[in-house]
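The residues making up each chain are set out below.
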Amino acid sequence: MKLVVKVGTSTLAHASGRLNIRRMELLCKVLSDLKNAGHEVILVSSGAIGMGVGKLKLSSRPSDTAGKQAAAAVGQCELMYTYDKIFSEYDHTVAQILLTAEDLRNEMRHKNFENTMDRLLKMQVLPIINENDTVATEEIEIGDNDTLAGIVAVSVGADLLVLLSDIDGLYTADPRKDENAKLIESVYEIDEHIISLGGGKGSSLGTGGMATKLRAAEIVTERGCDMIITNGEHPEALYDIVEGKQTGTRFYAKKEIK
Ligand code: GLU
């Protein structure tokens, strides 16, 4: 199976912005094991800004562009250093790919990206993708890694996109506010009702939220790829996912009606 896994800042870092070492080790272990089992794995990882905030000991996420970009420049190093270190323990080689919206819009650069990804996967390398936050200004930014992960999944022809979040999936209401909220296990059509469940943004360190996840779902399901939102607290859930067991919320790809 060709699998794109997107992991959010809230999964990788504690609320302080510092690395959640146990979580990250577990995630890398499971992804290494899935690769050993023969799956092709691509990781889209957030956390550059969040980790930069932690490393620079800032009291909160900067609100200005230069501040965010500076934090990302520091945090991206820490992020890749940590991935490289942990994946190496399991004998896997990682590659860093940083993209802007401009790279994906430009036909030639997009093609180059696809060719590089293809070659990296043939070399058994595990590509780790993030937005190139240090140069991405408003006009050329993708803006959030859920959307980026959706675009990546389509570009590499993935079978499945998994978004590891700080929530178990899509609920009928906000479970943080409404105790009667129920998890929606399957979504076959992203209609207005589903979109209305999107709401705003999630954690204070990350960028995304349910709205950007639904946008990613729209991108991939239109192009024949399923998507799952599940809780990144338990990276072992990825084993169940590749075995086809019900986990979180699954958005089914649109099937052509013959
Ligand atoms: N690219 C940002 C980072 O690495 C995160 C964007 C997002 O969380 O959606 O910090």
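Now for a look at the structure at hand. (Residues numbered from 1 in each chain as written. Predicted model: local features only at pLDDT ≥ 70, side-chain atom pairs only at ≥ 80, totals over all residues. Heavy atoms only, no water.)

In this section: the overall build of the protein chain. What the protein chain contains, in helices and strands, is ten helices and eight strands. A globule of 258 residues ought to have a C-alpha radius of gyration of about 18 Å, and the protein chain, at 17 Å, matches this closely. Every one of the 258 residues in the protein chain was classed for burial, and the buried ones make up 53%. In the protein chain, once contacts between residues fewer than 6 apart in sequence are set aside, the share between residues at least 24 apart is 71%. Carbon and sulfur atoms form 48% of the exposed surface of the protein chain, whose accessible area is close to 12700 Å². Both charge centroids of the protein chain, one from 29 positive and one from 38 negative side chains, sit 3 Å from each other. (Helix = DSSP H or I, 4+ residues; strand = E, 2+ residues; numbered from the N terminus. Rg over C-alpha atoms; globule rule 2.2 N^0.38 Å. Buried < 20%, exposed > 50% of the residue type's maximum accessible area, 1.4 Å probe, protein only. Contact = heavy atoms within 4.5 Å. Areas by Shrake-Rupley, 256 points an atom, 1.4 Å probe, with all protein chains shown as cover. Lys, Arg positive; Asp, Glu negative; His and termini not counted. Charge placed at Lys NZ, Arg CZ, Asp CG, Glu CD.)

Take the pattern of salt bridges next. Where charged atoms of side chains with opposite charge meet at close range, the side chains can pair. Within the structure shown, the criterion is met by 13 salt bridges. For the salt bridge of D146 with K213, the shortest nitrogen-to-oxygen distance reads 3.1 Å. A residue pair is termed long-range when its members are at least 10 positions apart, and D146 in helix α7 (residues 145-155) and K213 in helix α9 (residues 210-221) qualify at 67 residues. The same class applies to D146 and to K213, which are both buried. Salt bridges linked by common partners bring K6, D146 and K213 together as one network. (Salt bridge = Lys/Arg side-chain N within 4 Å of Asp/Glu carboxyl O.)

A few words on the side chain of H92. By the secondary structure assignment, H92 is in the loop between α4 (65-89) and β3 (94-99). For H92, a relative accessible area of 10% corresponds to the buried category. A polar contact is formed between the side chain of H92 and the side chain of N36, at a distance of 2.8 Å. When neighbours within four sequence positions are excluded, H92 is seen to be in contact with S32, K35, N36 and F87. (Polar contact = N/O pair within 3.5 Å; in protein donor to acceptor, adjacent residues only side chain to side chain.)

What surrounds the ligand is a group of nine residues, the closest being A48, I49, N130, D133 and N145. The separation between an oxygen atom of the ligand and a polar side-chain atom of S46 is 3.1 Å. At a separation of 2.7 Å, an oxygen atom of the ligand approaches a polar backbone atom of N145. In isolation the ligand offers 300 Å² of accessible surface; the protein chains occlude 97% of this area. Split by residue class, the shell around the ligand holds two nonpolar, five polar and two charged. (Near = heavy atom within 4 Å. Nonpolar A, V, L, I, M, F, W, Y, C, P; charged D, E, K, R; others polar.)

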